[in-house]
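Structural description and commentary
Each chain, letter by letter, is given below.
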Amino acid sequence: MKRIELQILLFSALIVTLPAHLEGSTVRIRLHAALKPETVVFAVRTGEYMMEIPGMEDVRIAPTKPVILFASEGRVAVKWGTGRGVIADSVRFAPAGSAETSHSFSVSVPGVAGERQYKGSMVCRNDNGIFLLLNETDIESYLPGVVLAEGGPGRHREFYKAQAVLARTFAWQNLSKHAADGYNICDDVHCQAYHGIIRDEDVTGAVKETSGIVMVTSDSVPALPAFHSNCGGETASASDAWVTSLPHLQSVADPFCLSSRNATWRASLTTGAWINFLRKNDFTGDPASPGAISFNQDVRKPFFVPGNGIQIPVRSVRTEFGLRSSFFSLIASGDSVIIDGRGYGHGVGMCQEGAMEMARQGYSFERILSFYFRGISLIDIADARQPPVIR
Ligand SMILES: [Zn+2]
Ligand SMILES: [Zn+2]
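We now turn to the structure provided with this report. Owing to the predicted nature of the structure, the values given are computational and were not obtained by experimental measurement. (Residues numbered from 1 in each chain as written. Chains lettered and ligands numbered in written order. Predicted model: local features only at pLDDT ≥ 70, side-chain atom pairs only at ≥ 80, totals over all residues.)

1. Let's talk about the sheet that holds strand S10 (residues 116-119)
Going by this rule: For two strands to count as paired, DSSP must find a minimum of two bridges between them. Put simply, DSSP H or I for four residues or longer makes a helix, DSSP E for two residues or longer makes a strand, and each gets a number counted from the N terminus. Working convention: axes come from line fits to C-alpha atoms, limited for helices to the stretch in contact. Angles between N-to-C directions cover 0 to 180 degrees.
Strand order across the open sheet formed by 6 strands is S7-S6-S5-S2-S9-S10, with antiparallel pairing between neighbours. Of all strands in the sheet, those with a lone pairing partner are strand S7 (84-88) and S10, marking the two edges. Taking each pair of neighbouring strands and ignoring which way they run, the sheet shows an average axis angle of 25 degrees. With 4 bridges connecting them, strand S9 (residues 104-108) and S10 associate as antiparallel partners. Bridging across to S10, Ser 104 finds its partner in Lys 119.

2. Observations concerning the pairing of strand S11 (residues 121-127)
Note: strand S8 (residues 90-96) against S11, 4 bridges, orientation antiparallel. When the sheet's bridge partners are listed, Val 91 is paired in S11 with Cys 124. Pairing between S11 and strand S12 (residues 130-138): 7 bridges, direction antiparallel. Bridge pairing in S12 links Ser 121 to Glu 136. Linking two consecutive strands that pair antiparallel, namely S11 and S12, is a turn of 2 residues; a positive phi of about 50 degrees is found at Asn 128 within it.

3. Points about the pairing of strand S18 (residues 310-313)
Sheet analysis places strand S17 (residues 303-307) next to S18, joined by 3 bridges and oriented antiparallel. Bridging from a neighbouring strand, Phe 304 pairs with Ile 312 of S18. Between S17 and S18, which pair antiparallel one after the other, the connecting turn spans 2 residues, and Asn 308 there sits at a positive phi close to 60 degrees.

Next comes the structure, spelled out in structure tokens:
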């Protein structure tokens, strides 16, 4: 949610950037961005890696010999082999030997179970007390991990293809998101969740089969690739959900998600909590009047109208009470207000559970995306404009 709102703010700025091509280009990703670890264990998994430290001869790192990195007084302490160590400003691990060989490494940090594996190179540096781990890899080998993290395991291949196009489109239009920080994108939900390379063949296959495809609007600019878990039978327009109107993000009736896990939910509040909320929103009328409590959303409505000329955005009700969606009806019941809700998430763009059902019924990823996004085209990234890659 936060990501999408931020993205909307950036959206108009991004579309005026006139960029070069992304094909075959690299992306620099900040690893463990949310956790900000200060101790890291690097180990080679496949191929050979060289460790590069400024002012020192390069060191070949054997797969059986991990390297330990930790923040030390604004610099990076590096330990490897038996008792060897150095304090440096930065350290870089780069693939060595034949380009044909697969090169991969793992990163382990305290507080995260297991290790995460990556391709490409990694730089570790201490940037004014901020310990940065930056993985540089090609964008197509980054995408499967994003698709699995955002789409979940065990889904239909065609659903993964739709999710892959969204992930690629997001990466493409957000290459400058962390430009001021010296990298492209972070591995946290702030950008797109990424937990490293994965081996699930349905996911890697879906990325390969949609290689280079991105989603653009009728104006040939990147479409905002919003998605959510379940829309409850009707997606929300961007203007209702975020007060920013985007022609490709309009409400559509979605019959596909109605039997899915997150289609309906129920919550309850005390009548007192509800009345407090109404008062906080300047409602001065009689809280016992039917209009102050009962509310019906057969179809999505942007506002709850208790009377007195007050309009309360349904998204404010969602935020206030931590509801699963803003698509709900209210019924008074004794001392409680029962909330009968539909869907899960902001409701804008692709409904994941609807898309999964469409995939099961044989719809292609192109049909799925054009069902949820109005007037979009799927084009090859090589024919598209995009923000420049940071070097
Ligand atoms: Zn980020
Ligand atoms: Zn839906």
